4 protein chains.
Amino acid sequence: MDVLIVGGGIIGSSIAFELAKRGAHVVVIERGELAQEASSAAAGMLGAHAEFSTDHPLIPLALASQAAFPNVIAELQQLTNIAVGWNEAGMLKMATTAEEHRQLTEHYEFWRRIQPQHVRWLTRDDVAQLEPHVRSEYGAMYTIDQQVDAKQLSVAFARAAMAKGATFLPYTEAYDVVFDGERVTGVKTTSGTLHAEHIVIACGAWTSAFAEKLQLSLHMYPVKGECIGVTTDTPLLRTTVFAKNGCYIVPKANNRLVIGASAMADSFTKTVQASSVHHLLTRAMQIVPDIAHATFEKAWAGIRPQTKDGMPYIGEHPQYTNVFIVTGHYRNGILLSAITGRCVSDMLEGKEVPFDMTPFSLIRKEEDHALHH
Amino acid sequence: MDVLIVGGGIIGSSIAFELAKRGAHVVVIERGELAQEASSAAAGMLGAHAEFSTDHPLIPLALASQAAFPNVIAELQQLTNIAVGWNEAGMLKMATTAEEHRQLTEHYEFWRRIQPQHVRWLTRDDVAQLEPHVRSEYGAMYTIDQQVDAKQLSVAFARAAMAKGATFLPYTEAYDVVFDGERVTGVKTTSGTLHAEHIVIACGAWTSAFAEKLQLSLHMYPVKGECIGVTTDTPLLRTTVFAKNGCYIVPKANNRLVIGASAMADSFTKTVQASSVHHLLTRAMQIVPDIAHATFEKAWAGIRPQTKDGMPYIGEHPQYTNVFIVTGHYRNGILLSAITGRCVSDMLEGKEVPFDMTPFSLIRKEEDHALHH
Amino acid sequence: MDVLIVGGGIIGSSIAFELAKRGAHVVVIERGELAQEASSAAAGMLGAHAEFSTDHPLIPLALASQAAFPNVIAELQQLTNIAVGWNEAGMLKMATTAEEHRQLTEHYEFWRRIQPQHVRWLTRDDVAQLEPHVRSEYGAMYTIDQQVDAKQLSVAFARAAMAKGATFLPYTEAYDVVFDGERVTGVKTTSGTLHAEHIVIACGAWTSAFAEKLQLSLHMYPVKGECIGVTTDTPLLRTTVFAKNGCYIVPKANNRLVIGASAMADSFTKTVQASSVHHLLTRAMQIVPDIAHATFEKAWAGIRPQTKDGMPYIGEHPQYTNVFIVTGHYRNGILLSAITGRCVSDMLEGKEVPFDMTPFSLIRKEEDHALHH
Amino acid sequence: MDVLIVGGGIIGSSIAFELAKRGAHVVVIERGELAQEASSAAAGMLGAHAEFSTDHPLIPLALASQAAFPNVIAELQQLTNIAVGWNEAGMLKMATTAEEHRQLTEHYEFWRRIQPQHVRWLTRDDVAQLEPHVRSEYGAMYTIDQQVDAKQLSVAFARAAMAKGATFLPYTEAYDVVFDGERVTGVKTTSGTLHAEHIVIACGAWTSAFAEKLQLSLHMYPVKGECIGVTTDTPLLRTTVFAKNGCYIVPKANNRLVIGASAMADSFTKTVQASSVHHLLTRAMQIVPDIAHATFEKAWAGIRPQTKDGMPYIGEHPQYTNVFIVTGHYRNGILLSAITGRCVSDMLEGKEVPFDMTPFSLIRKEEDHALHH
């Protein structure tokens, strides 16, 4: 099999890795450097339990991806020697108001029925014991959700794909497609026209613009996420802390904390707004007061692809069936990367995918779906 | 008049400034930050005399642009308060071999006939007096050619345009055009579809990809130029030194020297090759041996738009006459920016342009032209 | 005359410049790069009127320094070609509470008696007209106080001193003094022992440690000042805005705003605390609400030398009279740089200084003095 | 036991770690950030076999330190979760001239007698097989020498020491010592006077200046080492390549190569000289021609402490016996860090050190020793 992947972020790289392992001839084009957009801006949480609080079509994929990661990471490590910051300390999902407490209780009950071994309710005393620096007023849920260094994981997928024979062309921009009658046979790029049997479009938030060249209107939009990094002399947190209202604090190596994230819809602007820095600090100091004394490091932003119904697009083009669109993972792109690579490879190979992928198809009816958070 | 300019480099910004001054409604879109590509990588020489050694259709524009700069810069300074590093110390064009000496003599003779007051032949003693750190073995020509901080000049054009009412939309990417029958009425961008009476495409090396959406095959290609910066404790040079074989050394503020530039055709890759750093240092130390003791600062690259016949494209689309293409300035983009803004504005207003623009038209026959360096 | 200056910040560089102009043989040693500490972190306000609100021994020097700057800057510009960001738009001193309003009124009355032509009371309407983006609730005072790019000014003093024959030795650290009986004859440095007729210690906040080697206990301490930089698409401010409680917002080139400054006593730690970023943003958004939409750029800190009584130390060592101590300018170092260079040069030359320098002498009684802000 | 360590580089941090493990009360002061000087500039080779070619007093320590590293790194990893880039691929010691070939043969014979299992002679075919990108003309020796990320290892020692109870005070500068009669009781610092039972001076190249406050003339000098980093798309090297004349190329994670190092005696200047970049690239491209196509990343410098006889100083002050001096590791600081921490801890505890430390004592006769490379 011969596949051209447009987009060198974590999704494109994960697909490249999986396909290359299966023996395909793979070329990935990326208009800049690898993993330069949302993939490197992400905080790297693998929040299978933290992100979903009701039945949702993504849950089976999220759990499968999470379960696959230990082996995937061992494999990447062995192939590339890149340290991806694998961290299994788990996640603390906090309620900071009475209403959030009620929602979190439901969230907990939901998971207690499905995976009781992977979630635990924590009293304020439990929180104090687990994370003494956290100011807990309403209790919290513990999940096993891990986290990684998103940028390094993305690069590791790409490097491992190369180790398995894939070719990556950086600074190569796709600007049009080549048709042969009813068939798409290639892509025009700034490095020349590239032909391939199969074409995968995995350009994150920029996918919808490219999809228009294929007469496809994707119902998606960019959502800027802004983060800040701080460091402390001694560790403040062991687990990731995820407040119900969207603020999370992720402990990284060297006593570094990543605090995220804003969500500014319809913005491709990669600048960080002053008010976002202010808001993130306000929230973080509410939850972990000692962050006030932390050293401010820097702020950054990434542009994440969101869809109208909150479901990613993972599927073939309705008309040009050798073209696949894979995008819209919004803030679950790191979590879903491992399984997305496998599912897309299965689909390209004509194998049966062990999940119901119809909610992610390009011809779904959006009104059937909605993300509940 | 209502104009949409695609591209926020020095060419797009200069056109925006001139049009806004003339009262047009101007919107400039740029897919990243202003002046982020070739405009900020350039060494900033205004080499009207140094670049051309025989009759060439660009000479009238180059001389007019050079002559316009003192006023333009005063105007920009007044509107924006940005320091653009205007430097009138002139340029030393060196011969480093006997053959180069012969060519440089011809070059000098060419200009002595046209502008004797602006060029001067220098003996080795003259060079030693003017630039004691330069190792001159074959004589040199002095020209009045000035230089600027290219990045700051680009930003000043943009800011001055804004001061005159133009709107700049950063992080806005054009990915398609909107047709209404035989007419182009707008551009699809990641910030939505923008309509305008006139559309100017000034995307530097990326112009040809966009032009294909308008059924236009531009005969152009990217040429990467790599530079390095060094600093010294005491000034080594007063003038710019331009060796015949392409190496130049440009003295900037704070005893900084910019050493450029490689020319790697067909590369959009913005990385700097190790061998280029090596080569630039080798050449610079040959010409100014004391550069060996300078402090190495950094290396960078820019992607310049070159055309097959070495002429820029400045003109209307053969079919969609409200669309203008302005690109291909290669390494004369900074020099030509002032005059390009004026000429394009004249053309858009239907005024007569005081230069012969046919060599730059989009329907020229290329075989008629060729740059001789 | 033969002078060794320890410290390559703005004070040491200004003294070096003035002495070199007067024909002295000057060597400046600096343990790192020039202007790397407080001199480059400063916001660059020349707040002669904004900083002082009652009689104060520094006022004559502050006014004289401010008056000297236009010529000094022209001279530096001519010698070095460095753009120092000279800005004469003036300063708005804001009251944001009723109590501050009362204090500011007194402040205004103080200056109205001394320099009525240089201060002006502004009603809320006046403020709205002068600075439409400022939220004024209690009126304000306008002063003529200018501002500069502090780092560039420091470097310009140093480069101009070099142009006049001074030698600067970077990465040269003084760690001890050399005595010959009752006389200090030199300084031991990491570049070897350097001898000189006169020695000037101008190490900012690090001066007191070095002074101990000269049996001198200076009553001084470091005060960290933290700042943040933001940029906007269009200018929000013309003048500097200085709120009574210490927050100031200084408009720089390219629509950049510097927001400062915290004051953390007894800290040499050059990190920026998360709570300081939060606090500065809170204050800045109160005063100029549109800063919320500005782009956050970065945060930084500088360590300023403060004395117990708020007076700088400018004078000879009580015992070793060929040693001069010049430090303790706290947040007026940029403002006072021009006059400090002149006064110290006068003192070294044995000339009469046209100011009363006794309040700054090293043998003053501290209890006689105190800064009132 | 109560120990104050002056210097937060790899040596001070390693001593702090070992002492803290043994239950001592440890305070480390560092005038800037941790590991900011030579410790972070080093290429990180653990060249026990590559560095020594004849009998040398450091060999027992070097071998013991190398042997200790696997456990030390596991321990640091477990305590701090910091990835230190441990790499056991070994080292290729190259001869590039006939004369070097002769020397390398002797070098090999030396080690073959001592540790035949850890060195291997390689024919040109062997080299071609092991490292196909290396241009081998005269054969090479393979050693088991590992390498690490020097900066991360230094930080890991410091963080692990903190985890064991040590206190680190950054931005705290020692400028004098406190005597009580014949005894040193403390150190004056910019954070106040700190008292301790034992004082360890481990300031790298800055140690001799501080030692003068203790009436101690150390025969040592700084040696600047400059390095450059390049990256490649595919790995060029598996092992470290160490050419006989001092050029080495160390493969790091993500296809990064560190090329080092110049040796500029008597320089504390942390700038990188243009000629050094040129020279390092020249040498690297000779040895691995494909480096010509690598991407140039950056250049940097570190200041290493060298002694007149090439032996480190590890021992107590001849007069003030509670003061220890530990410095002069030159380019073996990373290699020797593990064992130095242990030996110094033994000495402080009055235990017998399992090595002959007399060659490193502060009262040795220098003429007895000399490093042979």
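Remember, predicted model here, so these are calculated numbers, not experimental data.

What follows deals with the interface of chain C and chain A. Of the residues lining the interface, 18 residues belong to chain C; the matching set on chain A comes to 18 residues. Applying the counting rule to chain C against chain A returns zero salt bridges. Across the contact surface, chain C and chain A share eight residue pairs in polar contact (both at pLDDT 80 or more). Going through the elements one at a time, helix H9 (274–287) and strand S18 (295–307) of chain C are the ones with two or more residues in the side of chain C that touches chain A. Here the side of chain C that touches chain A is built from residues that sort into eleven nonpolar, seven polar and no charged.

All right, on to the sheet that holds strand S19 (residues 313–316) of chain C then. The strands that make up a sheet are held in pairs by hydrogen bonds between backbone atoms, and each pair lies either parallel or antiparallel. Residues and elements named next belong to chain C. The six strands lie next to each other as S8-S2-S1-S12-S20-S19, forming an open sheet whose pairing is mixed. Whereas interior strands pair on both sides, the edge strands pair on one side only; in this sheet they are strand S8 (167–169) and S19. With direction set aside, neighbouring strand axes in the sheet form an average angle of 15°. In this sheet, S8 lies alongside strand S2 (residues 25–29) in parallel orientation, the contact comprising three bridges. Within S8, the residue paired with Val-28 across the bridge is Phe-168. The sheet contacts of helix H1 (residues 10–21) involve strand S1 (2–6), S2, S8, strand S12 (198–201) and strand S20 (323–327), and relative to S1 the element is tilted by about 165°.

All names here are of chain A. The domain boundaries assigned to chain A delineate domain 1 (2–80 + 150–218 + 309–368) and domain 2 (91–143 + 221–307). Contact with domain 1, which involves 31 residues of that partner, is made by 30 residues of domain 2. A combined buried area of about 2,500 Å² lies between domain 1 and domain 2, and 66% of that area is made up of carbon and sulfur atoms. The largest contributions to the domain 1 side of the interface with domain 2 come from Met-45, His-49 and Tyr-330, which together make up 29% of the buried area. Viewed at the interface, domain 2 and domain 1 are joined by one salt bridge. Across the pair Lys-270 and Glu-37 runs a salt bridge whose closest N-O atoms are separated by 3.1 Å. Taken together, domain 1 and domain 2 are joined by 13 residue pairs in polar contact (both at pLDDT 80 or more). Elements that contribute at least two residues to the side of domain 1 that touches domain 2 include exactly helix H2 (38–41), helix H3 (48–51) and helix H4 (59–80). At four residues, the largest contribution of residues to the side of domain 1 that touches domain 2 is made by H3.

To continue, consider the relation of the copies chain A and chain D. The two copies are related by a screw operation: chain A maps onto chain D through 180° of rotation and 0.0 Å of translation along the axis, at an RMSD of 0.0 Å. Here the two chains are linked by the operation of a two-fold rotation axis. When C-alpha distances to the rotation axis are compared across chain A, the minimum falls at Ala83(A), with a value of 3.4 Å. Counting the interface residues of chain A, we find that 100% of their copies in chain D are interface residues as well, pointing to one common contact surface.

The next point concerns the side chain of Thr327(B). Residue and element names in this part refer to chain B. With respect to the element layout, Thr-327 can be found in strand S20 (residues 323–327). Take Thr-327: its relative accessible area is 2%, and that puts it in the buried class. Reaching out from Thr-327, the side chain makes a polar contact with the backbone oxygen of Gly-204 at a distance of 2.9 Å. When neighbours within four sequence positions are excluded, Thr-327 is seen to be in contact with Gly-204, Thr-207, Met-220, Pro-305, Pro-312 and Tyr-313.

Overlaying chain C with chain A gives an RMSD of 0.0 Å, the required rotation being 180° about an axis along which the chain moves by 0.0 Å. Interface overlap between copies: 100% of the residues of chain C at the interface are likewise at the interface in chain A, consistent with a symmetric, same-surface contact.

Quick look at the interface of chain A and chain D now. Contact residues are listed per partner, giving twelve residues for chain A and twelve residues for chain D. If you look at where chain A meets chain D, you find zero salt bridges. Taken together, the links from chain A to chain D amount to four residue pairs in polar contact (both at pLDDT 80 or more). Across the side of chain A that touches chain D, the residue classes break down as five nonpolar, five polar and two charged.

Right, let's get into the sheet that holds strand S8 (residues 167–169) of chain A. All names here are of chain A. The mixed open sheet is built from six strands, whose spatial order is S8-S2-S1-S12-S20-S19. Bordering the open sheet on either side are S8 and strand S19 (313–316), each of which pairs with just one other strand. Here the average twist between neighbouring strands, direction ignored, is 15°.

Bringing the packing of helix H9 (residues 274–287) of chain B against helix H9 (residues 274–287) of chain D into the picture now. Where H9(B) contacts H9(D), the axes come no closer than 9 Å and their chain directions differ by 130°. By the angle class used here, H9(B) and H9(D) are oblique. By crossing handedness, the relation of H9(B) to H9(D) is classed as left-handed. The residues of H9(D) that touch H9(B), namely those facing Ala274(B), Ser275(B), Val277(B), His278(B), Leu281(B), Thr282(B) and Met285(B), are Ala274(D), Ser275(D), Val277(D), His278(D), Leu281(D), Thr282(D) and Met285(D). Its residues placed into classes, the contact of H9(B) with H9(D) shows eight nonpolar, six polar and no charged.

All names here are of chain B. Ranked by internal contacts, the top residues of the largest apolar core, which has 66 residues, are Ile-5, Val-26, Leu-153, Phe-168 and Val-200. Only strand S1 (2–6), helix H1 (10–21), strand S2 (25–29), helix H4 (59–80), helix H5 (98–114), helix H7 (150–163), S20 and helix H10 (333–349) provide two or more residues apiece to this core. Shared between two domains, this core takes at least three residues from each, and those domains are domain 1 (2–80 + 150–219 + 309–368) and domain 2 (91–143 + 221–307). Residues within four places of Val-200 in sequence aside, it is in contact with Val-3, Leu-4, Ile-5, Val-6, Ile-15, Phe-324, Val-326 and Leu-348.

All names here are of chain A. Counting buried positions over the twelve residues of strand S13 (residues 220–231) gives ten, a clear majority of the element. Both S13 and strand S16 (residues 256–260) contribute to a ladder of four bridges, which runs antiparallel. Of the residues in S16, the one forming a bridge with Gly-229 is Val-258.

To continue, consider unusual backbone geometry. Across the junction of Gly260(C) and Ala261(C), the peptide omega takes the value -20°, indicating a cis bond. By secondary structure assignment, the location of Ala261(C) is in the loop between strand S16 (256–260) and strand S17 (264–265). Phi is positive for Tyr171(A), which is not a glycine, with a value near 50°. The exposure class assigned to Tyr171(A) is buried, which follows from its relative accessible area of 14%.

This brings us to the pattern of salt bridges. Taken as a whole and judged by the stated rule, the model has 72 salt bridges over all chains. When the shortest N-O distance is used, the salt bridge between Lys351(C) and Glu349(C) registers 2.8 Å. Accessibility expressed as a relative area gives 29% for Glu349(C), which makes it partly exposed. Taken together, the shared-partner salt bridges connect Glu18(A), Arg22(A), Arg342(A), Asp346(A), Glu349(A) and Lys351(A) into one network.

Right, let's get into the state of the cysteines. Counted under the stated rule, the structure contains zero disulfides over all chains. Cys227(B) takes part in no disulfide bond, and the closest cysteine sulfur, belonging to Cys247(B), lies 9.7 Å away.

Rules of the game
Residues numbered from 1 in each chain as written. Chains lettered and ligands numbered in written order. Predicted model: local features only at pLDDT ≥ 70, side-chain atom pairs only at ≥ 80, totals over all residues. Heavy atoms only, no water. Contact = heavy atoms within 4.5 Å. Salt bridge = Lys/Arg side-chain N within 4 Å of Asp/Glu carboxyl O. Polar contact = N/O pair within 3.5 Å; in protein donor to acceptor, adjacent residues only side chain to side chain. Helix = DSSP H or I, 4+ residues; strand = E, 2+ residues; numbered from the N terminus. Nonpolar A, V, L, I, M, F, W, Y, C, P; charged D, E, K, R; others polar. Pairing = 2+ DSSP bridges. Axes fitted to C-alpha atoms, helices over the stretch in contact; angles between N-to-C directions. Domains from an automatic or database assignment. Buried area = accessible area lost by both parts, 1.4 Å probe. Least-squares fit on C-alpha atoms with pLDDT ≥ 70 in both. Buried < 20%, exposed > 50% of the residue type's maximum accessible area, 1.4 Å probe, protein only. Parallel < 35°, antiparallel > 145°, perpendicular 65-115°, else oblique. Left-handed = near helix turned anticlockwise from the far one by under 90°. Core = buried A, V, L, I, M, F, W, Y, C linked by side-chain atoms within 4.5 Å. Disulfide = S-S within 2.5 Å.

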